[in-house]
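Inside the fold
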Amino acid sequence: MTAVGTTGAGAFLARHEGLRARLPGAHLPWVTALREASAEAFRAQGFPTRRVEAWKYTDLAAVNGTVFGEPLTGVDDALTLPATTNPRAVFVDGRFRADLSTLEGLAYTVESLAAVLPTLEGRLGAVARPAEQALAALNGMLFEDGLVVTVPAGVAGGVLELLSFATVSERAPAYHPRHLVQLEDGASLTLIETASGPAAARYLHNPVFEIEVAAKARLNHGRLQQEGLDAFFLSTVYARVAEGGAYDNFTLNAGGRLARNEIHVALQGPKAECHMNGVQLVADGQHADTTTALDHAAPDCASRQTYKTVLAGRSRGVFQGKILVRKIAQKTDGYQMNQALLLSPEAEIDSKPQLEIYADDVKCSHGATVGELDADNLFFLRSRGIPLDQAKAILVEAFLTEAVEAVADEDIRNALSTAVTGWWQRQGVAGGIEVA
Amino acid sequence: MLKIENLHATVDGKPILKGLSLSIAPGEIHAIMGPNGSGKSTLSYVLAGREGYEVTEGSVTFMGQDLLAMEPEERAVAGVFLAFQAPVELPGVGNANFLRTALNAVRRAKGEAEVDAIQFLKLARARMKVLNMPDDMLKRPVNVGFSGGEKKRNEMLQMAMLSPKLALLDETDSGLDIDALKMVADTVNSLRGPDFSALVITHYQRLLNHIVPDHVHVLSAGRIIRSGGPELAQELEATGYAASVAAA
Ligand SMILES: Nc1ncnc2c1ncn2[C@@H]1O[C@H](COP(=O)(O)OP(=O)(O)O)[C@@H](O)[C@H]1O
Ligand SMILES: [Mg+2]
């Protein structure tokens, strides 16, 4: 698994060996130490096989067998950015592009990780756990850039967009951005992240987020994963939330041929809150995985998770959700629901909810359902003149409604419904419900 | 308008309709009565095109077209409307959005201009006022949390909005109070005209006091065993189905 070669873990380890002296922060002992520790962890784990419990349902063989190149410095620029009035940070092939970003006049700081790396000692690596997650180890070994967002105490940051584009490249590039988001006491921010790329390009996008939400701060984190259909998207989010703070994650997992949306949240102060919602839209040939781990490590915290997966064609979906309630976490209120809708007999879903509870005074529940479109409902809509495809689209939208409506932030909700409509249209279906 | 000839249909391989024939001329209202399990709902589903109801023999012609060859949505845009005995609930589908989508699907298929959201609300509110439906029923998800009566009102709202040529009412009156019953009758009567026909399935004479049918039929074991005028409904109300069934 770790043999040096052109593919697999060995190839990435060799790249680290070769680039060691040139990677950002190479002159900083603490950065080097962090990279070496990550390399060690990655050498030990390699790309996890399905024998590893956390990867039981998602096979990384295709990633393991791909020859990846380094991201080339972009000469692209046929790139058309969607219009927005929001401040935004743009990454192309994993690198921050100041020329494409608009970040003036903000009441908080948004910086390129490569540019401010020397200032990040003690912060970079504070939340990620490379010894436990192989992909975070890979990221720690090879990260070159990322976004560093710091919202000072009491500042309401509004909306910030993080756009990540992949460009077409002859050799499949792999990039491992490390994003740090810190909200100080009472601060707030809505971060809307969009990851996309050309339909036919093969690449690996392996971002790691380290998120710190201080007391009474709130981060709304909306993620629209719409990578190209030949891409690998392996993303790991780590968030920790202090007393009275809130972290809301909404992820649309819709692109890529293999996509893993892994989220680790630790509620570390009393009365902290976390909402994790998501929609996975999986079409023919795709594999989408959402894996959540929620650590209730303080009393009186609440967590809510609603995940919905729609599968079409020959596709595969995975939901794994673990809730850990530590002994100290009395009065925990935890809820998790995951539901899958199979639109084709060739689609498959694996779901594994897991509760691990050590406190005695808690309210914690979970549920899971798998179903097909209801024939009676479909007939009802058709009996009112609505064509079959449109009737299906309406019922799929309805299925997703609960997860979408659970999103508190309106900007995220709107971005999401646009993305869902787009996905549905790409499936060759014209139009869902008309709004009255 | 509608011509059913020697219709045989099975559900799960079980014969339910066993040689049913019936003709409805434009502008006519026919009532079908008959014991539970005689095949009344099955007939309405076969006409509306529900999956799982297999026609093994016979034919149905609607406005000169082979109805049985059409998809459910094609039948609907051609003018067939089924008011369900037990309407489904659709969580996550707003009633107004649903109704506008249906209305425009029908209008598109007929080559008529689609209605925008504002025109739609105007039309819907006007209809709802007549049906004595509160405005908030538009905002709620289709039939979710509706009482039995509200669901039936909602069926009538859909019927009125889509203005079909042939309405199939499957026990729309069951479980309704007198006011709601009158509302159903008023809605049907408001559509009455030379281009509108209806097949009203009911157990009760009282609905037929308000919607006076041209013909009344008794369905038993998948066949029409008796037909007559409005007076047949009164006779059945007095004597029950048993006598007719025994005589057949
Ligand atoms: N989906 C079904 N599966 C099996 N049997 C059915 C189904 N629907 C109806 N039936 C049977 O068909 C017969 C006629 O039912 P139905 O048409 O509902 O009668 P009615 O509406 O006159 O009460 C009954 O014996 C009923 O049990
Ligand atoms: Mg019935």
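Residues numbered from 1 in each chain as written. Chains lettered and ligands numbered in written order. Predicted model: local features only at pLDDT ≥ 70, side-chain atom pairs only at ≥ 80, totals over all residues. Heavy atoms only, no water.

To continue, consider the pattern of salt bridges. Overall, the coordinates contain 38 salt bridges over all chains when judged by the stated rule. With a closest N to O distance of 3.8 Å, Asp136(B) and Arg140(B) form a salt bridge. Here the residues in one salt-bridge network are Glu17(A), Arg20(A), Glu36(A), Glu40(A) and Arg43(A), joined through shared partners. (Salt bridge = Lys/Arg side-chain N within 4 Å of Asp/Glu carboxyl O.)

This paragraph deals with the coordination of the magnesium ion (ligand 2). Coordination sphere of the magnesium ion (ligand 2), protein contribution only: Ser41(B) (OG) and Gln85(B) (OE1), at 2.1 to 2.3 Å. Residue Ser41(B) is found in helix α1 (residues 40–48), and its partner Gln85(B) is found in the loop between β6 (80–83) and β7 (90–94); the two are separated by 44 residues along the sequence. (Donors = N, O, S within 2.8 Å, 3.2 Å for Na, K, Ca; no water. Helix = DSSP H or I, 4+ residues; strand = E, 2+ residues; numbered from the N terminus.)

Residues and elements named next belong to chain B. For helix α3 (residues 95–109), with 15 residues, the first-to-last C-alpha span of 21 Å sits near the 21 Å given by 1.5 Å per residue. α3 sits mainly inside the fold: twelve of its 15 residues count as buried. Of the positions making up α3, those classed as buried are Asn 95, Ala 96, Asn 97, Phe 98, Leu 99, Arg 100, Thr 101, Ala 102, Leu 103, Asn 104, Ala 105 and Val 106. Looking one or two residues past α3, Gly 111 carries a phi angle of roughly 75 degrees, positive in sign. (Expected span 1.5 Å × (residues − 1). Buried < 20%, exposed > 50% of the residue type's maximum accessible area, 1.4 Å probe, protein only.)

Below, the discussion takes up the state of the cysteines. Joining two cysteines, a disulfide is a covalent bond between their sulfur atoms. Residue and element names in this part refer to chain A. Tallied over the entire structure, the rule returns zero disulfides over all chains. Looking at the unpaired Cys 274, the closest cysteine sulfur is the one in Cys 301, lying at 9.9 Å. The buried category is assigned to Cys 274, whose relative accessible area is 0%. (Disulfide = S-S within 2.5 Å.)

Every contact between the two is made by 22 residues of chain A and, on the other side, 38 residues of chain B. Among the residues of chain A in contact with chain B, Phe379(A), Arg384(A) and Glu434(A) are the three that bury the most area, contributing 32% of the side total. Residue Glu155(B) is joined to Arg384(A) by a salt bridge in which the shortest nitrogen-to-oxygen separation is 2.8 Å. Counting every contact that joins chain A to chain B gives seven residue pairs in polar contact (both at pLDDT 80 or more). Across the side of chain A that touches chain B, the residue classes break down as twelve nonpolar, six polar and four charged. (Contact = heavy atoms within 4.5 Å. Buried area = accessible area lost by both parts, 1.4 Å probe. Polar contact = N/O pair within 3.5 Å; in protein donor to acceptor, adjacent residues only side chain to side chain. Nonpolar A, V, L, I, M, F, W, Y, C, P; charged D, E, K, R; others polar.)

Residues and elements named next belong to chain A. Topologically, Glu 193 is positioned in strand β9 (residues 188–196). Of note is the side chain of Glu 193, whose polar atom sits 3.0 Å from the side chain of His 221. Not counting the four nearest positions on each side in its chain, Glu 193 is found in contact with Leu 162, Phe 209, His 221, Gly 222, Arg 223 and Leu 224.

Here we take up the packing of aromatic side chains. This structure, assessed with the given rule, holds 13 aromatic pairs over all chains. For the ring pair Phe379(A) and Tyr45(B), a centre distance of 6.5 Å and an interplane angle of 80 degrees mean the geometry is edge-to-face. Here the residue Phe379(A) occupies a position in helix α6 (residues 375–382), and Tyr45(B) occupies one in helix α1, the pair thus bridging two chains. Between Phe379(A) and Phe84(B), the aromatic rings sit 5.7 Å apart at their centres with planes inclined by 80 degrees, giving edge-to-face as the arrangement. You can see Phe379(A) sitting in helix α6 and its partner Phe84(B) sitting in the loop between β6 and β7, one on each of two chains. The pair Phe379(A) / Phe84(B) is uniform in exposure class, with both members buried. Aromatic ring contacts, followed pair by pair, group Phe379(A), Phe380(A), Tyr45(B), Tyr53(B), Phe84(B) and Phe98(B) into a single cluster. The ring of Phe399(A) carries the charged tip of Lys308(A) above its face, separated from the ring centre by 4.7 Å. Over the ring of Tyr204(B) we find Arg206(B), and its NZ or CZ is 5.6 Å from the ring centre. (Phe/Tyr/Trp six-rings, centres within 6.5 Å; stacked < 30°, edge-to-face > 60°. Lys NZ or Arg CZ within 6 Å of the ring centre and 35° of its normal.)

UniProt feature "domain: ABC transporter" (unreviewed entry): in the numbering of this structure it lies at residues 2–246 of chain B. Between the end C-alpha atoms of residues 2–246 of chain B there is a gap of 29 Å, over a span that is 41% helix and 29% strand. (UniProt positions renumbered as here; feature names shortened; annotations may be inferred.)

All right, on to the packing of helix α7 (residues 388–405) of chain A against helix α8 (residues 410–426) of chain A then. All names here are of chain A. At a minimum axis separation of 11 Å, α7 and α8 run at an interaxial angle of 150 degrees. Regarding the angle of α7 to α8, the classification is roughly antiparallel. Here α7 runs over α8; the crossing is right-handed. Along its contact with α7, which presents Asp 389, Lys 392, Ala 393, Val 396, Leu 400, Val 404 and Glu 405, the element α8 presents Arg 413, Leu 416, Val 420 and Trp 424. Among the residues making up the contact of α7 with α8, the classes are represented as seven nonpolar, no polar and four charged. (Axes fitted to C-alpha atoms, helices over the stretch in contact; angles between N-to-C directions. Parallel < 35°, antiparallel > 145°, perpendicular 65-115°, else oblique. Left-handed = near helix turned anticlockwise from the far one by under 90°.)

Judged by nonpolar contacts, the single largest core of 114 residues is most densely connected at Leu252(A) and Leu2(B). Top element by residues in this core is α7(A). It accounts for ten residues. (Core = buried A, V, L, I, M, F, W, Y, C linked by side-chain atoms within 4.5 Å.)

So, about the environment of Ile323(A). Residue and element names in this part refer to chain A. By secondary structure assignment, the location of Ile 323 is in strand β19 (residues 316–325). Accessibility expressed as a relative area gives 0% for Ile 323, which makes it buried. The spacing of Ile 323 and Gly 334 is eleven residues in sequence and 7.9 Å in space, taken between C-alpha atoms.

Moving on to the site of ligand 1. All names here are of chain B. Taken together, 13 residues surround ligand 1, and among them Ile 16, Gly 37, Lys 40, Ser 41 and Thr 42 come closest. In the model, an oxygen atom of ligand 1 is placed 2.5 Å from a nitrogen or oxygen of the Thr 42 side chain. In the complex, the protein chains occlude 64% of the 560 Å² of accessible area that ligand 1 would expose alone. Going through the elements one at a time, β2 (14–24) and α1 are the ones with two or more residues in the shell around ligand 1. (Near = heavy atom within 4 Å. Areas by Shrake-Rupley, 256 points an atom, 1.4 Å probe, with all protein chains shown as cover.)

Attention now goes to the sheet that holds strand β1 (residues 2–11) of chain B. Hydrogen bonding along the main chain pairs the strands of a sheet, whether they run parallel or antiparallel. All names here are of chain B. Reading across the sheet, the four strands line up as β2-β1-β4-β5 and stay open at both edges, with antiparallel pairing between neighbours. Where the open sheet ends on each side, the last strands, each with one partner, are β2 and β5 (65–66). Both strand β4 (residues 53–62) and β5 contribute to a ladder of two bridges, which runs antiparallel. Each bridged residue has a counterpart across the sheet, and for Phe 62 the counterpart in β5 is Gln 65. (Pairing = 2+ DSSP bridges.)

The next point concerns the environment of Thr292(A). Residues and elements named next belong to chain A. Its place among the elements puts Thr 292 in strand β17 (residues 287–296). The spatial distance from the C-alpha of Thr 292 to the C-alpha of Gln 305 is 9.2 Å, given a sequence separation of 13 residues. With residues near it in sequence (within four places) discarded, Thr 292 still touches Ile 263, Met 276, Gln 305, Tyr 307, Phe 319, Gln 320, Gly 321, Lys 322 and Gln 336.

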